[in-house]
Amino acid sequence: MGWPPQIGETLPRATDCRHEQIKLDGWVLDPGGHGREWERVFQITITDRERVWGALTAVVADLPIVEVRDRGDDGIVCGVRGEVTIGERSAPVTMS
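First, a word on what this report is: a plain description of the structure on this page. Being a predicted model, the structure only gives us computed values, none of them experimental. (Residues numbered from 1 in each chain as written. Predicted model: local features only at pLDDT ≥ 70, side-chain atom pairs only at ≥ 80, totals over all residues. Heavy atoms only, no water.)

1. A look at the overall build of the protein
Stage number 1. In terms of helices and strands, the protein carries three helices and three strands.
Stage number 2. Reading the protein from its N terminus to its C terminus gives the helix and strand order α-α-α-β-β-β.
Stage number 3. Here the C-alpha atoms of the protein give a radius of gyration of 14 Å, agreeing with the 12 Å that 2.2 N^0.38 yields for 96 residues.
Stage number 4. In the protein, buried positions account for 30% of the 96 residues.
Stage number 5. Here the analysis covers contacts within the protein between residues at least 6 apart in sequence; of these, 49% occur between residues at least 24 apart.
Stage number 6. For the protein, the computed accessible surface area is about 6500 Å², with 48% contributed by carbon and sulfur atoms. (Helix = DSSP H or I, 4+ residues; strand = E, 2+ residues; numbered from the N terminus. Rg over C-alpha atoms; globule rule 2.2 N^0.38 Å. Buried < 20%, exposed > 50% of the residue type's maximum accessible area, 1.4 Å probe, protein only. Contact = heavy atoms within 4.5 Å. Areas by Shrake-Rupley, 256 points an atom, 1.4 Å probe, with all protein chains shown as cover.)

Here it is in structure tokens:
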């Protein structure tokens, strides 16, 4: 794999993925961000953050890159889309 990552490749360091707790709690699962969608689709809330993170990391390594954005000094952002399952529910999710 060369640099920068290319559309169609998998994320080169997907096994090293991490998150900022404030991003997960304050945007992804927060009602002011995407929280209402996660609650409606997956029937989870912010208290389920560990289940959500586990579900995301379980699929991200195998997903092909669908978008590459060069943010200059802030680096490269790679977007992936895939099916995430939490409990008995599954839905397509976009991650970067």
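2. Some thoughts on the side chain of Asp-25
Stage number 1. Structurally, Asp-25 can be placed in helix H1 (residues 21-28).
Stage number 2. Beyond its immediate sequence surroundings of up to four residues, Asp-25 is in contact with Asp-30, Ile-46 and Arg-49.

3. As for the sheet that holds strand E3 (residues 89-95)
Stage number 1. Spatially, three strands are ordered E1-E2-E3 in an open sheet, and the strand pairing comes out antiparallel. Because the sheet does not close on itself, it has two edges, and the strands there are strand E1 (65-70) and E3. Between one strand axis and the next, the sheet turns by 20° as a mean value, whatever way the strands run.
Stage number 2. Both strand E2 (residues 76-86) and E3 contribute to a ladder of seven bridges, which runs antiparallel. When the sheet's bridge partners are listed, Val-80 is paired in E3 with Met-95.
Stage number 3. Each of E2 and E3 touches helix H2 (residues 35-42); the most contacted strand, E3, lies at about 155° to it. (Pairing = 2+ DSSP bridges. Axes fitted to C-alpha atoms, helices over the stretch in contact; angles between N-to-C directions.)

4. Observations regarding the state of the cysteines
Stage number 1. Using the criterion set out here, one finds zero disulfides in the structure.
Stage number 2. For Cys-17, which is in no disulfide, the shortest distance to another cysteine sulfur is to Cys-78 and amounts to 13 Å.
Stage number 3. Using a relative accessible area of 33% as the deciding quantity, one classes Cys-17 as partly exposed.
Stage number 4. Under the relative-accessibility criterion, Cys-78 is labelled buried at 12%. (Disulfide = S-S within 2.5 Å.)

5. Focus on unusual backbone geometry
Stage number 1. Although it is not a glycine, Gln-43 adopts a positive phi angle of roughly 55°.
Stage number 2. For Gln-43, a relative accessible area of 55% puts it in the exposed group.

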